[in-house]
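# Tertiary structure, described
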Amino acid sequence: MNIIKVNHLVKEYKKIKKEKGLKGAVKNLFVQDIEYVRAVDDISFGIEKGDIAAYIGPNGAGKSTTVKMLSGIMQPSSGEILINGMSPQKERKRVVRNLGVVFGQRSQLNWNLRLGETYDLLKRIYQIDDALYEKNVKMLDEIFQISEFIDTPVRQLSLGQRMRGDLAAAMLHSPEILFLDEPTIGLDVEAKYSVRKFIKEINARNKTTIILTTHDLGDVQELCRRLIIINNGKIIEDGSLDELADRIAPYRRLIIDFYHPAVVRHPKAELISVDEARAVYKFRKDEITAARLIEDISRTAPIKEVGLQEAKIDDIIRTAYHAGQA
Amino acid sequence: MKAYLFVTKIRIQSALAYRFNVISTILIQCLLMFAMACFWKAAYGGTGVVSGTGEQDMLTYTMISIIMGNLLTMGVEGRIEGSVRTGSVALDMLKPVNIYGIYLAEDLGDMAVAFFQIAVPLLIIGSVMFGFPAPASFVCFIIFLLSFSIGYFINWILAGLLGMCAFRVISMGPIRNVKGFIMKLLSGSVIPLWFFPDGFRVFLEFLPFVNIYQLPLGIYIGRYTFEEMFWRTALQMFWCMVLWLIFHAAQKKAAAAVLIQGG
Amino acid sequence: MQIVKYHVSVAATLIRLSIQSRLEYPFMLIGHVLANCVQWVAGFAAIKFVVDSFGSLGGWGYESLAFLYGMSVLSHGLAVILFIQTWYMAYCVVEGEYDMFLLRPMGVLFQFLFEDFNLIGITDMIPGLMVFFYGCAKVHITMTFANISMILFALIGGTLIRGAVWIFCGSLSFWTKSTANFTDMVGALFERVSMYPLTIYPKWAQVIFTYLLPLAWITFYPVKGILGMEGSVIPVPMAAVSLGVGAVMFVLSCGLFRLGMHRYESAGS
């Protein structure tokens, strides 16, 4: 049963073409040249309860636009969104009660006051009873060590702390669904680790469904079983990372260090480079296994050391983006 | 010089982009003009000349005053405050042109836009509603232009000085309100000072504010004799120079402060 | 009842938070108090001077003008306390500042208005009250129960009318997408219509301000009623009508806001 269902979602914008120079500006007062741009172009997908899905794409692909429509901030031009069977456009308050949203570049924390004040406000707005509030604060403290900076004014927090504060704020009311828009942007290694840990734990403990938009492929690798790639407003891939890798970039590399320089060829592998005693082979996972390749090659020349490289995730994704452009 | 002209041109361009702003501004200003005219008409209620000015003259005064109000909008104080707050003031000091010159060029650009977008339509509409606000004589008009220009600079410098307070105070909200309010009242833009009791009036007429609105407007409606005009304009120029010197000194101090604190 | 309690509790928290925020900058508070004192007292002095020169204004003598001015200042102060956030509505639409409110399970307008409660507005009330009591003294008004209720109705109605017009203007930016903020120009219009008697305007303008854009109900009609001046339009206390007009306008403007929210596009990527 899909907890989130998106059907033929479209978001169209009017763009007014502006001409340059003084003459153009005056002309614009009277006549306007309008073109329609689709930020989101007929996308459909479903997410099951407890899933963690990554929603990735190049800048301007339509990721944030989609999340905004899912959270009810923006009205779609056409199409349907159902969250727990309700439309965020038609029943905003009810949907939002069960939703936690964090936008990486904006904060909902009160800038001037200590972090705790915002939580107090949220407690009242979401009508969280004392017991649940205590429980959640404790849980968030375990994951994030919130108590360390809950008394600091938000304007004095570091970016990592502020992001943690925002994530905690989004979870205070125990929502079933979380939308995280670029939560690790600009964070240092430690902070990123913390955020990823949070996501994994929340998902494990509470079965929270999470949609994560990100540019950080480390996030994708660490967290996401499901990957949706969007480009130019259209979904170009939807599946698990492994499936994707198998389909788009099913190559692996084998690096062999021989005892003596040797040039060994193999029908099922491409010899990419030879440098003294080191040879690099490229081969397809589905055509031959690494073990078999090593075995075959070793019959021709004795092997000293072996190294195996999986396809780099960056390359996989970039290939996917380009495929989408075509 | 070219750089400043270019800045003015860019301002005009971006301002032209906001047509909705323009129409709504004109509408509201017309309403204000109408309201003030009604106020004076009701006040005069047919009586002839009060405190030396007749009803028709006051209507002219009001109309031109509102038009002037639109031409005298000063962005400079906001810009100085903004640059202090965001810290860009340090960067500005590095540019090869005088940043205040740039601000002035921007404000002049704004004024040029305001003239065509707002002043002219207001003049036309006002004329239709209340009769064309003719100056007392051609000579008066010329002197009015001179007086207006000097008044513009006085206003600009005052706004700039206020903006400079941002170097010390950082947050400007209430001060700006007081200033706006003081300007309205003391400059005679809404109610000319000659309606005020003598004691107040004499005191206030020595302050620079009068010279921004009341003096040019008074000249326009022919309230002053030539001799009076001469002395008053001289006072106006005097204030302009004094303020300019203060501004110059403040500039230097501000630059020094920035260089020490590093922006 | 539960809903009211809920909203009150959230409002109270928001107010508390914004007061705390403001107290971080005490200097601003002092500055504002001073600025407002200067403003109201001097504005009043200006009227005095004019009346001294002209005798009367629109058929109203000095005392009634003083009272009228006082009432106007008070409803202005109240409107500024409650509705000053509306001055930022255009900015919020363009910059996408409403996102945060949309993500919470409460009405957007409600959250927005209380978001930054204007403590400073209270300082506006101090000189406002001074002028008001001065005006009361001048017209020798007796503080009977009836009069006090009329005054309260008039104030509430006047405040609601002001708020409604501001919300209306702010909501326009949902359609124009421009940061053109004419709430202060509209504010100036309020002043002209509520500080001076309506009679200074020609008949057609009076009709507009009575029936079409009911600004005359902010102070003029209720004050006429309170001061017992003849010329009542309907056989109901004017102040009560003000309250009614204010309530209706307010509800309508909230409706417009909600309509506008549907068009809201948020900002950025």
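Bear in mind the structure is a predicted one, so any value in this text is a computation, not a measurement.

### What to know about the overall build of chain A
If you tally the helices and strands in chain A, you get 11 helices and 13 strands. Its C-alpha atoms give chain A a radius of gyration of 25 Å, clearly above 20 Å, the size a compact globule of 326 residues would have. Projected onto its principal axes, the C-alpha coordinates of chain A cover approximately 75 × 60 × 45 Å. A total of 326 residues make up chain A; the buried ones form 37% of that total. For chain A, contacts bridging at least 24 residues in sequence account for 72% of all contacts bridging at least 6.

### Considering the overall build of chain C
The helix and strand tally for chain C stands at 12 helices and 0 strands. Of the regular secondary structure in chain C, the N- to C-terminal order runs α-α-α-α-α-α-α-α-α-α-α-α. Rg of the C-alpha trace for chain C: 19 Å, near the compact-globule value of 18 Å for 269 residues, within the 12% margin. Taking the principal axes of its C-alpha atoms as reference, chain C extends roughly 60 × 40 × 40 Å. Within chain C, the proportion of its 269 residues that are buried is 45%. Long-range contacts, defined as pairs at least 24 residues apart, comprise 81% of the intrachain contacts of chain C with a sequence gap of at least 6.

### Observations concerning the confidence of the model for chain C
All names here are of chain C. When pLDDT is averaged along chain C, the result is 80; 92% of the residues meet or exceed 70. By mean pLDDT, helix α2 (residues 26-54) is the weakest element of chain C at 72, and helix α12 (residues 238-262) is the strongest at 89. This complex was scored by the predictor with a pTM of 0.77 and an ipTM of 0.75.

The rules behind the values
Residues numbered from 1 in each chain as written. Chains lettered and ligands numbered in written order. Predicted model: local features only at pLDDT ≥ 70, side-chain atom pairs only at ≥ 80, totals over all residues. Helix = DSSP H or I, 4+ residues; strand = E, 2+ residues; numbered from the N terminus. Rg over C-alpha atoms; globule rule 2.2 N^0.38 Å. Buried ≥ 20, exposed ≤ 12 C-beta atoms within 10 Å, placed from the backbone. Contact = placed C-beta atoms within 7 Å. pLDDT = per-residue confidence, 0-100.

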